[in-house]
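Per-entry structural report
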Amino acid sequence: MNKEYQWVFNSTQGQGTLYNQTHEVIGKVMVVPYNKDVLDIIQTYVDPKFRGHGIGEQLLISLLEDESLKNYKFKPTCSYAVIFFEKYVEYRNRLYEGK
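Scoring rules and cut-offs
- Residues numbered from 1 in each chain as written.
- Predicted model: local features only at pLDDT ≥ 70, side-chain atom pairs only at ≥ 80, totals over all residues.
- Heavy atoms only, no water.
- Helix = DSSP H or I, 4+ residues; strand = E, 2+ residues; numbered from the N terminus.
- Rg over C-alpha atoms; globule rule 2.2 N^0.38 Å.
- Buried < 20%, exposed > 50% of the residue type's maximum accessible area, 1.4 Å probe, protein only.
- Arc of directions from axis to C-beta.
- Contact = heavy atoms within 4.5 Å.
- Lys, Arg positive; Asp, Glu negative; His and termini not counted.
- Salt bridge = Lys/Arg side-chain N within 4 Å of Asp/Glu carboxyl O.
- Core = buried A, V, L, I, M, F, W, Y, C linked by side-chain atoms within 4.5 Å.
- Axes fitted to C-alpha atoms, helices over the stretch in contact; angles between N-to-C directions.
- Parallel < 35°, antiparallel > 145°, perpendicular 65-115°, else oblique.
- Nonpolar A, V, L, I, M, F, W, Y, C, P; charged D, E, K, R; others polar.

Here we take up the overall build of the protein chain. When helices and strands are counted, the protein chain shows 2 helices and 5 strands. Helices and strands in the protein chain line up, N terminus first, as β-β-β-β-α-β-α. For the protein chain, the C-alpha radius of gyration of 13 Å lies close to 13 Å, the compact-globule estimate for 99 residues. Overall, the C-alpha framework of the protein chain stretches about 40 × 30 × 20 Å when taken along its three principal axes. Here the protein chain holds 99 residues, and 41% of them are scored as buried.

To continue, consider helix H2 (residues 79–87). Among all positions in H2, only Ala-81, Phe-84 and Phe-85 are buried. Mapping the buried residues of H2 onto a view down its axis gives an arc of 95 degrees, with all of them on the same face. Residues Ser-79, Glu-86 and Lys-87 are exposed on H2 and point more than 90 degrees away from its buried face. Turning to H2, the residues buried within the fold contact strand S4 (38–46), helix H1 (55–65) and strand S5 (73–76).

This brings us to the side chain of Asp-40. Structurally, Asp-40 can be placed in strand S4. Nearest to the buried, unbridged Asp-40 among oppositely charged side chains is Lys-75, at 4.2 Å. In this structure, Asp-40 is in contact with Met-30, Val-31, Val-32, Tyr-34, Lys-75, Pro-76 and Thr-77, ignoring residues within four places of it in sequence.

According to the stated counting rule, one finds 4 salt bridges in the structure shown. Among the salt bridges present, the one from Glu-57 reaches Lys-87, with a minimum N-O distance of 2.8 Å. Placement of the pair is Glu-57 in helix H1 and Lys-87 in helix H2, with a sequence separation of 30 residues. Residue Lys-87 is classed as exposed on the basis of its relative accessible area, which comes to 54%.

Here the focus is the nonpolar core. Residues Ile-41, Leu-63, Phe-74, Phe-84 and Phe-85 are the most contacted members of the largest nonpolar core, which totals 26 residues. With residues near it in sequence (within four places) discarded, Ile-41 still touches Val-29, Met-30, Val-31, Leu-60, Leu-63, Phe-74, Lys-75, Pro-76, Thr-77, Cys-78, Ala-81 and Phe-85.

Let us look at unusual backbone geometry. For His-23, which is not glycine, the phi torsion reads 65 degrees and is therefore positive. Mapped onto the elements, His-23 comes out in the loop between strand S2 (15–19) and strand S3 (25–35).

Here the focus is the packing of H1 against H2. To characterise two packed helices, one gives the angle between the axes of the helices and the distance between these axes. In contact at an axis separation of 11 Å, H1 and H2 are set at 75 degrees when each is read in the N-to-C sense. Classified by the interaxial angle, the pair formed by H1 and H2 is roughly perpendicular. In contact with Gly-56, Glu-57, Leu-60, Ile-61 and Leu-64 of H1, H2 contributes Tyr-80, Ala-81, Phe-84, Phe-85 and Lys-87. For the contact of H1 with H2, the per-class residue count stands at 7 nonpolar, 1 polar and 2 charged.

Right, here's the structure in full:
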């Protein structure tokens, strides 16, 4: 995790949030259960003030490296998540391969 950011995942809401050093919300990622072992990544959002600085990538990396989610696979419905998994082959082992 980048030391400039704080990651918080709220499992009740299915939402991961990145905060900067001044505790501003800079981005969010939303997931919903697809089945008991798979979470569907349905949305990524980066505050317009922080776009173009790799925050979207950091959101997904934080989600995939979150210890509380280590036993889940992920289904990328969000278009950004699809592109992320195409680019970062090292995270493809977390992809759900079913339909």
